[in-house]
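For reference, the chains in residue letters:
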Amino acid sequence: MAAISGLRGTGQFSTDFRPTNYRELFTLLEPNGSAPLQALLSMTGSESTDDPKYNHFRDELPDRKLQVNGAVASTSTTTVTVDASDDEAFVIPGTIIYNTVTGEVMRATAAANTSNHQLTLERNIGGTSHQIADDSALIIAGFADIEGGTAPTAVSFDPTTDFNFTQIFKTAVQVSGTLQNTYLRTGDKEQESLTKALKMHMSDIERAMFFGKRHISNGSTASPTRYTGGLLSQITNISDAASGFAASNTISEKEFDRLLIENIFQYGGSEKVMFAGARVISNLMEIGKNRWQPTQVDNAYGVSFTRYTTYAGDLLVQMHPMFRQVPNMAKTAVILDMNEISYKYMAGRDTQLMRNIETPDFDGVKHMYQTECGLEMLQSKPHWVIKNWNAVS
């Protein structure tokens, strides 16, 4: 059984797996039910937080590329102006600059002037005689120093910080004393209500993990309300089939291949999970009949997937049941790198059942499931959303 990137363990739920709370118990009993994302997150090594606002750092290697701003007709002109960008600061004396359009190799003789965005360069190294066209793409292609030279100028870059909130979820169950003692052919009403409430509770969390938006109300008071940011509000990579492709609301097999190779698998791992609506699944099946060989991944971590193998990487696809319930999600796919997301819960406040919270004068019982949790997305670039994918051409 192949493992899923980003999830601990070697396959399906083992017999010695011991749920530590009601959330893990639910995903163990019903992994293919209403909350498959929770089933996966329960196996990614959930982390507690001691603050309802939790922070993390985001860092990545810079592209170190520049774009020419104004053509340079002379092959010997040493000053080249580029568009303003953070990557200018990486040009120091000795930096090698490569023109991806002409193949010209240049060497910086001074640090980039970040005020007027000018580079001072030794041109046409190796005896070439290239001009530089406007908007040419330049890249930093290494460093070359003189023999016996000193250490180069140090250049560093800092990570950025991001944060999210935990959100308090509550689902109550109330049964009258009379109903408790009434014989019903359908069984124990209190236990039935508890089972349904747990499913509803986990469904609430699942929906928040997709649709939630980070926010805090009354933050300066003793009783603020916090909202956790979900996937759709945090994923910045969006392909809209309504306008981004040759035909409206249509993605061809070739266009889908390009999207996978050039964009979706550009960052992150070579194996990603796709939660998709019914129309997207039918589109994938149409492509699969023509070329791909969809492979069923049985009960991987208790969740059934279909593996679509491409040159770019593997998609583990599941038709999310919630996408059938929510309008406009049938034509949507959410693609996730499980290495880059995790479940965060407030210390001591992961899903728990609080029994007998009724007031003393209530003739019956009242119980409540409560969870204080949120989603943590370490990086946004490895994830992708495709929307309005109605057909394949």
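These numbers come from a predicted model, not from an experiment.

### Quick word on the overall build of the protein
Phase 1 of the analysis: A count of helices and strands for the protein gives 8 helices and 22 strands.
Phase 2 of the analysis: Every one of the 393 residues in the protein was classed for burial, and the buried ones make up 44%.
Phase 3 of the analysis: Put simply, 72% of the contacts in the protein that link residues at least 6 apart link residues at least 24 apart.
Phase 4 of the analysis: Accessible surface, the protein: about 19,800 Å² in total, of which carbon and sulfur atoms supply 48%.

### Overview of the pattern of salt bridges
Phase 1 of the analysis: Within this structure, the stated rule accounts for 9 salt bridges.
Phase 2 of the analysis: One salt bridge connects Glu 47 with Lys 344, and the closest N-O pair in it is separated by 3.4 Å. Here Lys 344 lies in strand 19 (residues 341-346) and Glu 47 lies in strand 1 (residues 47-49), a separation of 297 residues in the sequence.
Phase 3 of the analysis: Connected through shared salt-bridge partners, Glu 47, Lys 344 and Glu 376 make up one network.

### What to know about helix 4 (residues 189-211)
Phase 1 of the analysis: With 23 residues, helix 4 should cover 33 Å at 1.5 Å per step; its first-to-last C-alpha distance of 32 Å lies within 8% of that length.
Phase 2 of the analysis: The set of residues buried in helix 4 consists of Glu 190, Leu 194, Ala 197, Leu 198, His 201, Met 202, Ser 203, Ile 205, Glu 206, Ala 208, Met 209 and Phe 210.

### Quick notes on the pairing of strand 21 (residues 364-377)
Phase 1 of the analysis: Counting buried positions over the 14 residues of strand 21 gives 13, a clear majority of the element.
Phase 2 of the analysis: Examined bridge by bridge, strand 10 (residues 167-176) and strand 21 share 10 bridges and lie antiparallel to one another. Each residue of the ladder has a partner; that of Thr 171, found in strand 21, is Tyr 369.
Phase 3 of the analysis: In terms of strand pairing, strand 19 meets strand 21 through 5 bridges, oriented antiparallel. Among the inter-strand pairings, Tyr 343 is bridged to a residue of strand 21, identified as Leu 375.
Phase 4 of the analysis: Direction of pairing for strand 20 (residues 352-354) relative to strand 21: antiparallel, over a ladder of 3 bridges. From the neighbouring strand, Met 354 faces strand 21, where its bridge partner is Met 368.

### A closer look at the nonpolar core
Phase 1 of the analysis: Grouped together as the largest cluster of nonpolar side chains are 37 residues, with contacts concentrated most on Leu 37, Phe 210, Leu 231, Phe 275, Leu 336 and Ile 341.
Phase 2 of the analysis: Elements represented by at least two residues in this core include exactly helix 2 (36-41), strand 10, helix 4, strand 14 (271-276), helix 8 (321-325), strand 18 (333-336), strand 19 and strand 21.
Phase 3 of the analysis: The greatest single-element share of this core, amounting to 8 residues, is contributed by helix 4.
Phase 4 of the analysis: Ignoring any residue separated from it by four or fewer positions in sequence, one finds Phe 275 in contact with Pro 36, Leu 37, Leu 40, Phe 210, Gln 318, His 320, Phe 323, Thr 332, Ala 333, Val 334 and Leu 336.

### Some points on the confidence of the model for the protein
Phase 1 of the analysis: In this model, the protein carries a mean pLDDT of 86, and residues with pLDDT of at least 70 account for 86%.
Phase 2 of the analysis: Counting interchain partners and residues more than four positions distant, the pLDDT-below-50 stretch residues 6-18 has 36 contacts.

### Some remarks on the packing of aromatic side chains
Phase 1 of the analysis: One pass over the structure, following the stated rule, counts 6 aromatic pairs.
Phase 2 of the analysis: With centroids separated by 6.2 Å and ring planes inclined at 80°, the aromatic side chains of Phe 210 and Phe 275 adopt a geometry described as edge-to-face. With a gap of 65 residues between them, Phe 210 in helix 4 and Phe 275 in strand 14 connect regions that are remote in the sequence.
Phase 3 of the analysis: Ring geometry for Phe 256 against Trp 389: centres 5.1 Å apart, planes inclined by 35°, an arrangement best described as tilted. Note that Phe 256 is positioned in helix 6 (residues 253-264) and Trp 389 in the segment after strand 22 (384-387), a separation of 133 residues in sequence. Residues Phe 256 and Trp 389 agree in their burial class; the two are buried.
Phase 4 of the analysis: An aromatic cluster of three or more residues is present, and its members are Phe 210, Phe 211, Phe 275 and Phe 323.
Phase 5 of the analysis: Between Lys 53 and the ring centre of Phe 163, over which it is positioned, the NZ or CZ distance is 4.4 Å.

### Describing the sheet that holds strand 7 (residues 118-122)
Phase 1 of the analysis: Pairing is antiparallel across the open sheet formed by 6 strands, whose spatial order is 3-8-5-6-7-4. At either margin of the open sheet sits one strand with a lone partner, and together these are strand 3 (65-67) and strand 4 (79-81). Across the sheet, the mean angle separating the axes of adjacent strands is 40° when strand polarity is ignored.
Phase 2 of the analysis: Two strands pair when backbone bridges link them, and strand 5 (residues 95-99) and strand 8 (residues 137-143) are joined in this way by 4 bridges, in the antiparallel orientation. Within the sheet, the bridge partner assigned to Ile 97 lies in strand 8 and is Ile 140.

### Concerning unusual backbone geometry
Phase 1 of the analysis: Not every positive phi belongs to a glycine, and His 117 is a case in point at roughly 60°.
Phase 2 of the analysis: Tracing the backbone shows His 117 in the loop between strand 6 (105-108) and strand 7.
Phase 3 of the analysis: Looking at His 117, the relative accessible area reads 23%, which means it is partly exposed.
Phase 4 of the analysis: Its identity as a non-glycine residue notwithstanding, Asn 388 has a phi of 60°, on the positive side.
Phase 5 of the analysis: Tracing the chain through its elements places Asn 388 in the segment after strand 22.
Phase 6 of the analysis: Take Asn 388: its relative accessible area is 29%, and that puts it in the partly exposed class.

Rules used in this analysis
Residues numbered from 1 in each chain as written. Predicted model: local features only at pLDDT ≥ 70, side-chain atom pairs only at ≥ 80, totals over all residues. Heavy atoms only, no water. Helix = DSSP H or I, 4+ residues; strand = E, 2+ residues; numbered from the N terminus. Buried < 20%, exposed > 50% of the residue type's maximum accessible area, 1.4 Å probe, protein only. Contact = heavy atoms within 4.5 Å. Areas by Shrake-Rupley, 256 points an atom, 1.4 Å probe, with all protein chains shown as cover. Salt bridge = Lys/Arg side-chain N within 4 Å of Asp/Glu carboxyl O. Expected span 1.5 Å × (residues − 1). Pairing = 2+ DSSP bridges. Core = buried A, V, L, I, M, F, W, Y, C linked by side-chain atoms within 4.5 Å. pLDDT = per-residue confidence, 0-100. Phe/Tyr/Trp six-rings, centres within 6.5 Å; stacked < 30°, edge-to-face > 60°. Lys NZ or Arg CZ within 6 Å of the ring centre and 35° of its normal. Axes fitted to C-alpha atoms, helices over the stretch in contact; angles between N-to-C directions.

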